[in-house]
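# Examining the three-dimensional arrangement
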Amino acid sequence: MITLSNIDKSFGDKQVLFDVSAHFEQGKCNFVIGASGSGKSVLMKCMVGLIQVDKGKIEYEGRDFAHIDYEQKQLIRKEIGMLFQGTALFDSLSVEDNIAFPLRMFTTMNEVEVIDRVNFCLKRVDLVNVNKLFPSSLSGGMKKRVGIARAIALNPKFLFCDEPNSGLDPLTSRLIDHLIQEITYEYNITTIINTHDIKSLFEMGDNIIFIYKGRNWWEGEKSAIRHSGNEELLSFMKASEF
Amino acid sequence: MRLIEFLGEYFLFLKSLFARPEKFRIFIKQTFTEMYSIGVGSFSIVSLISIFTGAVSTIQIGYQLVSGLVPEYLIGRIVRDSNILEFSPTVTCLVLAGKVGSSIASEIGTMKVTEQIDALEIMGINSTNYLVLPKITAGLITIPLLVIYAMFLSILGGAISGVVSELITIDAFVKGLRADFIPFSVTFALTKATTFAFIITSFSAFYGYKTQGGALEVGQSSTKAVVFSCIGVILFDYILSELMLSR
């Protein structure tokens, strides 16, 4: 469970986030939606500590994250898995080494155990015989799956997905969605998905937060969207061919 | 003002760098990989540059000492001193600033713009420590070794060119090499090489790390890394000469 309280963030004179408060529940797919430039990517970066907030609190299961030093932050980050928009796989490492990377860094597993875990994660994302391939030789969908495999290698408590479907065809998008949803429920992870893809939202969204001009404009379950009466949210949905 | 800002950012970058590596075994492995890349990868260019620097210095010194009053062996002595004190450490490091510096800056810059560094941070890894410390350590070990190698080759190149162009006999050249040798010259050269190694690797990593944007900015960072590394090498060449050689 992650709780945000009164988050403010400015870049120079430009304020991007205004008093954002939200609650992301464990074992659920929590969606953050909003138009481009609304501040949802900045919010996600604040949540994982890549951007320092100006004001407000971020709590991971009651543990403060926004106002602790770098070393303490690194400890909480070891519980976080992240799927990046561009996958951010290490291009100098093979698929196997990419997934093994956090295992070799943070566990005392021997090499046989590491490879077993890598193979388990690859099987979990329906990839086989790709261990020795490099990211440059993979398709977009395969890269996303490897990204998910790397993100779950250490059994994270929190999974962040930044635009998991961007650049993928509709069929592969749905496969990635189902994979994220299955993993969330199976391992009881707090998953936060930042997306524009309304189809994904209606297929797998449990909790939804709509960010509009840097503010938490609407929050609720997907079934409540149609009757929300929130003009900005409904027009965003309509523009997305809802 | 911008200089103070630059220095502030640079020293904060260095501060973040020096932490205990997460896994020492991985740090050692990374360092050896970087040593191979910097050392073996630069072997041929350093060989070529050194032989020709030595050869040209012999010919030019011979050309300037055309007098029956100056003993022939002095050519060997001047070639030895100029190559050990200046040409081998400085020219080699200027070449390495171009080759190694641009490679480090573009590698780290590309990782930055493709969010690979963010991925490291989110995994809980100190990215500067993981990525940059092995490169600096490898540079501090490998570049002085390359400079020692360059010293030998430049003197060899000087001897060959002196003999081939009939400026000096090999016996006179060897006599010059052995005349009034001051071992401190080598200490000075290696101090310079170590300082330059730190400048090249840390400046290049710093500019790579500061990259924001895309492919264009990676190229710009790489260019800045080379330019500022060269300026750093020349500046510290003067400072170290003033500190260690002036009386």
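Residues numbered from 1 in each chain as written. Chains lettered and ligands numbered in written order. Predicted model: local features only at pLDDT ≥ 70, side-chain atom pairs only at ≥ 80, totals over all residues.

### Some points on the overall build of chain B
Spelled out, the test is: A run of DSSP states H or I qualifies as a helix once it reaches four residues; a run of E qualifies as a strand once it reaches two. Both are numbered from the N-terminal end. Three classes are used. A residue is buried when 20 or more other C-beta atoms lie within 10 Å of its own, exposed when 12 or fewer do, and partly exposed in between, with C-beta atoms placed from the backbone. Once C-beta atoms are placed from the backbone, any two residues with those atoms within 7 Å are in contact.
Counting its regular elements, chain B contains 8 helices and 0 strands. Going residue by residue from the N terminus, the α and β elements of chain B occur as α-α-α-α-α-α-α-α. Expressed along its principal axes, the backbone C-alpha trace of chain B runs to roughly 70 × 40 × 35 Å. Burial analysis of chain B (247 residues in total) assigns 45% to the buried set. For chain B, the proportion of contacts with a sequence separation of at least 24, taken over those separated by at least 6, is 88%.

### A short note on the pairing of strand β9 (residues 207-212) of chain A
Residue and element names in this part refer to chain A. The line we're drawing: Only when DSSP finds a minimum of two bridges between them are two strands counted as paired.
Relative to β9, strand β3 (residues 29-33) runs parallel, the two sharing 4 bridges. Looking across to β9, one finds that valine 32 is bridged to isoleucine 209. Of the pairings in the sheet, the one linking β9 to strand β10 (residues 215-220) comprises 5 bridges and is antiparallel in character. Directly across from isoleucine 208, in β10, lies its bridge partner glycine 220. Linking two consecutive strands that pair antiparallel, namely β9 and β10, is a turn of 2 residues; a positive phi of about 50 degrees is found at lysine 213 within it.

### Section: the interface of chain A and chain B
For clarity, the threshold we go by: When residues are grouped by polarity, Ala, Val, Leu, Ile, Met, Phe, Trp, Tyr, Cys and Pro land in nonpolar, Asp, Glu, Lys and Arg in charged, and all others, Gly among them, in polar.
Across the boundary between the two partners, chain A contributes 15 residues, which contact 14 residues of chain B. Elements with a minimum of two residues in the side of chain A that touches chain B: α2 (70-77), β6 (80-83) and α3 (95-106) of chain A. Among the residues forming the side of chain A that touches chain B, the class breakdown is 10 nonpolar, 2 polar and 3 charged.

### Focus on the domain arrangement of chain A
Residue and element names in this part refer to chain A. How we decide: For every domain, the bounds stem from an assignment made automatically or drawn from a database.
When its domains are assigned, chain A resolves into domain 1 (1-79 + 157-242) and domain 2 (84-155). Taken over C-alpha atoms, the centre of domain 1 sits 24 Å from the centre of domain 2. For the side of domain 1 that touches domain 2, the secondary-structure elements that each account for two or more residues are β7 (158-162) and α6 (170-187). Looking at which element gives the most residues to the side of domain 1 that touches domain 2, the answer is α6, with 6 residues. Per-class residue counts for the side of domain 1 that touches domain 2 are 8 nonpolar, 3 polar and 3 charged.

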